[in-house]
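Coordinate analysis (summary)
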Amino acid sequence: LVDSEYTNCECSSKSRENSRLVIHIFESERSTLFTMLSLVSCVLLAVCATVASAIPSTMICSEVTPPGCGGKPPHWDKIQQKTIKTPTPGKGEVLIAVNASSVNPVDWKLAVDEPILFSRVLGFDAAGTIAALGPGTTGRLSVGDEVWVDIGSKQGAYAEYVVATEQQTGLKPKTMDFIHAAASPLVALTSYQSLIKCGGPWTPAQNATVLITSGDGGTGIAGIGLAKALGATRVVTAGAPDHLANITALGADVVVDFTKEDVLSVVADDSLLCVYDNYGAAGTADKAMPKIKSGGSFVFLPGKGGALSKHPKAGVSQYSLWTDDSDHKDLDAIAAFVDQGKMVTLVSSVYSLADVPKAFASEYAGKTLGKIAIAVSPQ
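Described in the following lines is the structure provided in the data block. (Residues numbered from 1 in each chain as written. Predicted model: local features only at pLDDT ≥ 70, side-chain atom pairs only at ≥ 80, totals over all residues. Heavy atoms only, no water.)

**A few points about the environment of Gly 128**
You can see Gly 128 is positioned in strand β5 (residues 125-133). Given a relative accessible area of 0%, Gly 128 falls into the buried group. Measuring from C-alpha to C-alpha, the distance between Gly 128 and Ala 181 comes to 8.9 Å, with 53 residues separating the pair along the chain. Beyond its immediate stretch of four places on either side in the chain, Gly 128 contacts Ile 96, Ala 97, Val 98, Asn 99, Asp 145, Glu 146, Val 147 and Phe 178. (Helix = DSSP H or I, 4+ residues; strand = E, 2+ residues; numbered from the N terminus. Buried < 20%, exposed > 50% of the residue type's maximum accessible area, 1.4 Å probe, protein only. Contact = heavy atoms within 4.5 Å.)

**Things to note about the nonpolar core**
Counting 43 residues, the largest nonpolar core has Trp 148, Leu 195, Trp 202, Val 210, Ile 334 and Met 343 as its most contacted members. If you list the elements that add at least two residues to this core, you get α4 (178-182), α5 (185-197), β9 (209-212), α6 (218-229), β12 (272-277) and α9 (328-339). Broken down by element, this core gets its largest block of residues, six residues, from α6. Ignoring anything within four residues of it in the chain, the contact list for Val 210 reads Leu 195, Trp 202, Ala 227, Ala 232, Arg 234, Val 235, Val 236 and Cys 274. (Core = buried A, V, L, I, M, F, W, Y, C linked by side-chain atoms within 4.5 Å.)

**Considerations on the pairing of strand β11 (residues 254-257)**
The side chains of a regular strand alternate between the sheet's two faces. Relative to β11, strand β10 (residues 234-239) runs parallel, the two sharing four bridges. Residue pairing for β11: Ala 238 is matched across the bridge by Val 256. Of the crossover connections in this fold, the one passing from β10 over helix α7 (residues 244-249) to the parallel β11 is right-handed. (Pairing = 2+ DSSP bridges. Right-handed = clockwise from strand over helix to strand, strands pointing away.)

**Description of the sheet that holds strand β2 (residues 79-85)**
Pairing is antiparallel in the open sheet, where three strands are placed in the order β2-β1-β4. Across the chains shown, the open sheet's two edge strands, defined by having one partner strand only, are β2 and β4 (120-121). For strand β1 (residues 58-64) and β4, the ladder comprises two bridges, and the chain directions are antiparallel. Across the sheet, Val 64 pairs through a bridge with Arg 120, a residue of β4.

See below:
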């Protein structure tokens, strides 16, 4: 443009010299700008290459191999540590570098009770760091974010890397380390969704008493804190004799030794607004109905012969709950309660990825207080 204007006008010698100076300065600054942009591009390419090279092509995992662990006792040797290809996140997915996972009853039950036709990586819960983002993610999460997630039925958390949907992945509570965060998602989501189904949150005017049938497992410990966080005035529960003090310290108001009495026997008729039957034994719903006031609810987790009451009480709602798909909105609500000190997770022991068979054997024994964690990478 300057060249064109200069050529087509009659200018004095001094004007022509000034114009040449302007042209020289313009071209010099343009050259400098191009040089700077080239340097920035090189830096960005180097950073991208560094991030990509940080994700290995293979990873270590813990798999259950055919035909599975079924037997009396279970064949835990069918769970083996292997090296497999690192997964790649698809549309709307994230790749998580896993720091820790945990053992839930459903983990060993799937390995024992289900026929295993092909080797499969186990594990529902994961806590770790976002390593990569798949196409179509929204930008809510970034590489380097510390997260927690319940992977769901596709499993895969007993590995150095796991793929999850962005929708199901939440930011880890700031006050939790990876071990405790990994021990939380499935049990916390189960209890949170059950208590919401049961009528929570409750107002002070409702003076809600919540009964949780088992207080010493993962869902029970999460349920005690979450019930109080959701407004329950009193929480009644049961536990093993050597767990009673710990359960009381978590905030339960009445804790019954289940080896001596039925927890439903210590509450009056029409006194409960919610019964969260996280144990799910046969006949519990029928025994609970007289104890629940009109407008209250009964929610149970299937698995031990439990069922809906055959003689429901008028005005009482009852539900069977399979945990809904993990959603970051529920995890975000739970994370806020954790950071406010309203929910804690107890971890009784930590095993390495190579020792998943030992962790399963311990959980299978059924005497765990809280959760068993799996350390996948150095904490």
